[in-house]
Amino acid sequence: MELEKTPPLEPPRPAEIAEGDILLGLGCCGVFCDLPLRDPSSLQVDKSMLDTRIPELGCTVREELQKPPRNYDGVLDKLLRRGLYPKAAIPITGSLCRIIGRAMPAGLAARIDTASFPLPPLFELIARHCKLSQQEMFHYFNMGIGLVIFISRQDVGQVKNALCCWGERTYVIGFVRKGRAGAELK
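Attention here is on the structure that accompanies the text. Note that this is a predicted model, so its numbers are computed, not measured. (Residues numbered from 1 in each chain as written. Predicted model: local features only at pLDDT ≥ 70, side-chain atom pairs only at ≥ 80, totals over all residues. Heavy atoms only, no water.)

### Examining the pattern of salt bridges
Part 1 of the argument: As enumerated under the stated definition, the model contains 4 salt bridges in all.
Part 2 of the argument: Two residues, Lys-87 and Asp-21, come together in a salt bridge whose shortest N-O distance is 3.1 Å. Placement of Lys-87 in the loop between α2 (73-81) and β4 (88-91) and of Asp-21 in the segment before β1 (22-27) is noted, with a sequence separation of 66 residues between them. Just as Lys-87 is buried, Asp-21 falls in that class too.
Part 3 of the argument: The shortest N-O distance in the salt bridge between Arg-111 and Glu-184 comes to 3.5 Å. Remark: Glu-184 occurs in strand β8 (residues 182-185) and Arg-111 occurs in strand β5 (residues 108-112); sequence separation between them is 73 residues.
Part 4 of the argument: Glu-184 gets classed as partly exposed once you look at its relative accessible area, which sits at 23%.
Part 5 of the argument: Connected through shared salt-bridge partners, Arg-111, Arg-177 and Glu-184 make up one network. (Salt bridge = Lys/Arg side-chain N within 4 Å of Asp/Glu carboxyl O. Helix = DSSP H or I, 4+ residues; strand = E, 2+ residues; numbered from the N terminus. Buried < 20%, exposed > 50% of the residue type's maximum accessible area, 1.4 Å probe, protein only.)

Written out as structure tokens, the structure reads:
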């Protein structure tokens, strides 16, 4: 008996990002940032903040910062096998705004709605101890989003339903509009 061959998966197509596309964010447990928080002296942060235990996380801030990023390849593989093709899928392993902004083609901007997803309590603690504004937090941290999928507006319902069925926390966190390439907060 001959084994059936699996057709090759179609890769994401970042060049196809267009005005009106939706940014679908997948929630994550890890905290990723573009600041050297592992070295509190660089931010003039009270070192005890890193050793603060966060009950919701079951660990300290320092332990949370040392967790490796999650690999989302399995999620993307399932989407592709179901015939759902994101235009781009970007792991957020640092600043939500910077990473999304770098993915935007010329003439298009990502508009991120900061109220569209829950912020893990850890970020409030970091903002308070580091004396950072909400805007600064979004420019330094992933803010609880681990992966952003760019998807056509007409495919959002199907993609969101599939992800939810697989146990993923998903949020429509923004959209693509005409503008200077980058990411902006709403």
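### Looking at the side chain of Thr-60
Part 1 of the argument: Structurally, Thr-60 can be placed in strand β3 (residues 59-60).
Part 2 of the argument: The contact partners of Thr-60, leaving out residues within four places of it in the chain, are Leu-50, Asp-51, Thr-52 and Arg-53. (Contact = heavy atoms within 4.5 Å.)

### Description of the sheet that holds β8
Part 1 of the argument: With mixed pairing, 6 strands are arranged side by side in an open sheet as β4-β6-β1-β7-β5-β8. Each of the sheet's edge strands pairs with one partner strand only, and the pair in question is β4 and β8. Strand-to-strand twist of the sheet, defined as the mean angle between neighbouring strand axes without regard to direction, takes the value 25°.
Part 2 of the argument: Note: β1 against strand β6 (residues 145-151), 6 bridges, orientation antiparallel. Within the sheet, the bridge partner assigned to Leu-26 lies in β6 and is Leu-147.
Part 3 of the argument: Each of β1, β6 and β7 (170-178) touches helix α6 (residues 156-165); the most contacted strand, β7, lies at about 155° to it. (Pairing = 2+ DSSP bridges. Axes fitted to C-alpha atoms, helices over the stretch in contact; angles between N-to-C directions.)

### What to know about helix α4 (residues 121-130)
Part 1 of the argument: Those residues of α4 that sit buried are Leu-122, Phe-123, Leu-125, Ile-126, Ala-127 and Cys-130.
Part 2 of the argument: Summarising the contacts, the buried residues of α4 are in contact with β2 (53-54), α1 (61-65) and α5 (134-140).
Part 3 of the argument: Of the residues one or two after α4, Lys-131 is the one with positive phi, at around 55°.

### What about the packing of aromatic side chains?
Part 1 of the argument: Tallied over the entire structure, the rule returns 3 aromatic pairs.
Part 2 of the argument: Judged by centre distance (6.1 Å) and plane angle (70°), the rings of Phe-117 and Phe-138 are edge-to-face. Taken as a pair, Phe-117 in the loop between β5 and α4 and Phe-138 in helix α5 lie far apart in primary sequence, 21 residues in all. Accessibility assignment for this pair places Phe-117 and Phe-138 in one class, buried.
Part 3 of the argument: Three or more aromatic residues joined by ring pairs form one cluster here, namely Phe-117, Phe-138 and Tyr-171. (Phe/Tyr/Trp six-rings, centres within 6.5 Å; stacked < 30°, edge-to-face > 60°.)

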